[in-house]
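# Notes for the structure review
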Amino acid sequence: MSTTHYDALIIGSGFSGLYALHHLRDRMGLKVRAFDAAAGVGGTWWYNRYPGARVDAPSSPFYAYTFSQDLVDEWEWTETQTSQSAVLAYLEHFADRFDLEKDIQFNTWVTDANFDEATQLWRIDTDQGQSASAQFLICAVGALFVANKPDYPGIEDFSGECYHTGRWPHEPVNFQGKRVAVIGTGSSGIQSIPEIARSAEHLTVFQRTPQYSLPARNRPLNADEVSGYRENWEALRGSMRHRGGWPFKTNRRRAAEYTAQQRHAIYEELWQEGGIHLSINSFVGVVSDEELNAEVSEFVRNKIREIVQDPVTAEKLLPDYHFATKRLILDNGYFETYNRDNVSLVDLRKDPIKAFTSSSILTQDDEHDIDMLVLATGFDAVSGSMLNLNPKGRDGLSLQQKWDNRFDNYLGTAIAGFPNLFMIHGPGAPGVFFTMPLGAELTTKFIADCIHHVRDTGLGAIEATTNAETGWDDEINAIADRTLYPQTNSWYMGANIPGKPRQFLGHLRGSQYFDRLNDVAEHDFEGFVFEPARS
Ligand code: N01
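About the criteria used
- Residues numbered from 1 in each chain as written.
- Predicted model: local features only at pLDDT ≥ 70, side-chain atom pairs only at ≥ 80, totals over all residues.
- Heavy atoms only, no water.
- Bend = angle between axes of the 7 residues up to and from the residue.
- Helix = DSSP H or I, 4+ residues; strand = E, 2+ residues; numbered from the N terminus.
- Buried < 20%, exposed > 50% of the residue type's maximum accessible area, 1.4 Å probe, protein only.
- Near = heavy atom within 4 Å.
- Polar contact = N/O pair within 3.5 Å; in protein donor to acceptor, adjacent residues only side chain to side chain.
- Areas by Shrake-Rupley, 256 points an atom, 1.4 Å probe, with all protein chains shown as cover.
- Nonpolar A, V, L, I, M, F, W, Y, C, P; charged D, E, K, R; others polar.
- Patch = residues over 30% accessible without salt bridge, like charges linked within 9 Å, V, L, I, M, F, W, Y side chains within 5 Å.
- Salt bridge = Lys/Arg side-chain N within 4 Å of Asp/Glu carboxyl O.
- Lys, Arg positive; Asp, Glu negative; His and termini not counted.
- Charge placed at Lys NZ, Arg CZ, Asp CG, Glu CD.
- Expected span 1.5 Å × (residues − 1).
- Arc of directions from axis to C-beta.
- Contact = heavy atoms within 4.5 Å.
- Pairing = 2+ DSSP bridges.
- Axes fitted to C-alpha atoms, helices over the stretch in contact; angles between N-to-C directions.

## Some points on helix 5 (residues 187-199)
- The largest bend in helix 5 comes to about 35°, at Ile193, with the proline Pro194 one to four residues further on.
- Along helix 5, 10 of the 13 residues are buried, which leaves the element largely enclosed by surrounding structure.
- Along helix 5, the positions that sit buried rather than exposed are Ser187, Ser188, Gly189, Ile190, Gln191, Ser192, Ile193, Pro194, Ile196 and Ala197.

What follows is the structure, given as structure tokens:
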């Protein structure tokens, strides 16, 4: 089998892979090839096309690339909370505008990636029977890609339609006249449940953990907003970079300086405003101050009690963990959906699933006859897609071996023993705690700095040290431990996957993180070692 040689190989063509291809090819002049298992660009946005899928953060126009004023000027965002189809259309436009598709091979699964110490090259093999080599391997494999499917006894015997929200079919799914079960109430479940309920004959939601969800208050963008962000783009972009990914001012109010009544009025105002404002704009310390967090938690629980008419159902929907320490969800009528006659809720903590039959779900107390099963059960997040790829580094050490009980890496992007390999949105990077498209731009800039350095100085390889990995791990934990996040079982902690190591998977201070990347690049790549070129 012949091997085609490139300067860099990229795996994935979602937000990060597309940007990396553009930057490395068009700004650095490298010969680059990207691979994607999907039939088109989009990554997460290609796969997650379940009904109701929308960006679950403040979106238009900030959940988008920031680097090109032309792109900002020519792309029309229409709603405040962008839909999946609009994000996908935007990414298709981006790929088209920068002529990226000619360098992406679709429908191609990378089956193996090996570092050859003699040549200092990465070699990949694909399920299409090809191989390719390059000095640099960029893993843009997605933080939310590997679907988590529950293994309840008999689930394979269920003979009705069955879909995972993260692998939704491209053909329309018809819920009409069907008894549908949704398992899972994370962002995907909470976004899809109101949509499914509208046409299903009956919808039964199987909930393991009740969630805090805030009203998204999605609405059309008006012309003044659009011209405003276009005219001020550079300033907004700067704010995003320095304010944790979003350009919003966050309030520096201290809760203790307000009476309980005043605080309640502020929560109410922010609830009415919708989006994530209740979390970021009420008082300093919502996710670190236990007392303040308890008060906001109770405020949201009271909202749920107000919205949901049946008190028994409302009670089941009340979350009891610290507010915002699982991914905060933005919904469009989620709690209201439980006021419909065709929707019922099963609390799996009281009435757990025992097994499936070909046409029903058996819980401890009941049998639920269903025609369709929707698994909104999430992902083996952040580390899962890298482990799926399972690259082999020095001495043939596989990533699965290296990450057997901890996802050791440096700066969320480099791994000791895996020279010239870079991750975008890897464990320990800000990922979902920052705006992912801007995060991809900034991480790629750092990767480009590393590549420049290696090439300009005629070196063969750059590699993180194990000491740097240990220090990085300590840094991530120190930041997380100052908050309430580690106290909650969430996918941020790896707690959603049985047997997964418990480790906080993100850097909570995105702006500080990107300053750190710049610092490392400016100070002789502290924490990395270099190897002279072998040939
Ligand atoms: O997945 P999740 P998701 N039996 O892990 C439950 C991003 N996102 O796909 O909480 C029964 O959040 C699980 O229960 P529990 C976003 O960052 C973005 O919804 O673990 N239930 C939970 O309720 C988000 O955070 C967008 O107890 C089981 C649910 O399934 C991330 O993706 C849209 C179970 C999984 O929730 C993941 O969201 C959607 C089992 N065996 C998502 N296993 C956009 O921006 C799991 N659950 C468009």
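## Focus: the site of the ligand
- Every one of the 26 residues lining the ligand counts as a neighbour, but Arg54, Tyr152, Ser188, Thr209 and Lys326 are closest to it.
- Side-chain polar atom of Arg327 to an oxygen atom of the ligand: 3.5 Å apart, as the coordinates give it.
- In isolation the ligand offers 900 Å² of accessible surface; the protein chains occlude 91% of this area.
- With three residues, helix 5 is the largest single contributor of residues to the shell around the ligand.
- Taken together, the residues of the shell around the ligand sort by class into 11 nonpolar, 10 polar and five charged.

## Thoughts on a negative patch on the surface
- A cluster of acidic side chains, namely Asp365, Asp366, Glu367 and Asp369, defines a negative patch on the protein surface.
- Topologically, Asp365 is positioned in the loop between strand 14 (360-363) and strand 15 (367-369).

## Brief notes about helix 4 (residues 84-97)
- The end-to-end C-alpha separation of helix 4 is 20 Å, in line with the 20 Å expected for 14 residues at 1.5 Å each.
- Within helix 4, the full set of buried residues consists of Gln84, Val87, Leu88, Tyr90, Leu91, Phe94 and Ala95. For helix 4, the arc enclosing every buried residue in end-on projection is 155°, short of the 170-degree limit, so these residues lie on one face.
- Packing partners of the buried residues in helix 4 comprise helix 1 (15-27), helix 2 (44-47) and helix 3 (69-74).

## Overview of the sheet that holds strand 7 (residues 161-164)
- Spatial ordering of the open sheet is given by 7-16-8-9-12, a layout of five strands whose pairing is parallel. Bordering the open sheet on either side are strand 7 and strand 12 (343-347), each of which pairs with just one other strand. Pairs of neighbouring strands in the sheet enclose a mean axial angle of 15°, with direction left out of account.
- Bridge count for strand 9 (residues 202-207) against strand 12 is five bridges, and the pairing is parallel.

## Let's talk about the sheet that holds strand 13 (residues 353-356)
- Strand order across the open sheet formed by three strands is 13-14-15, with antiparallel pairing between neighbours. Pairing within the sheet leaves two strands with one partner each, and these edge strands are strand 13 and strand 15. Taking each pair of neighbouring strands and ignoring which way they run, the sheet shows an average axis angle of 20°.
- Relative to strand 14, strand 13 runs antiparallel, the two sharing three bridges.

## Quick word on the pattern of salt bridges
- Per the stated rule, a full pass over the model turns up 31 salt bridges.
- Lys392 is paired through a salt bridge with Asp112; the nearest N and O atoms lie 2.7 Å apart. Of this pair, Lys392 sits in the loop between helix 12 (384-389) and helix 13 (399-402) while Asp112 sits in strand 4 (residues 110-116), and the two are 280 residues apart along the sequence.
- Overall, the relative accessible area of 22% leaves Asp112 in the partly exposed class.
- Among the salt bridges present, the one from Glu531 reaches Arg394, with a minimum N-O distance of 3.2 Å. Here Glu531, found in strand 19 (residues 528-532), pairs with Arg394, found in the loop between helix 12 and helix 13; they are 137 residues apart in sequence, far enough to count as distant.
- Under the relative-accessibility criterion, Glu531 is labelled buried at 16%.
- Overall, the relative accessible area of 16% leaves Arg394 in the buried class.

Shape descriptors only; they carry no functional weight alone.
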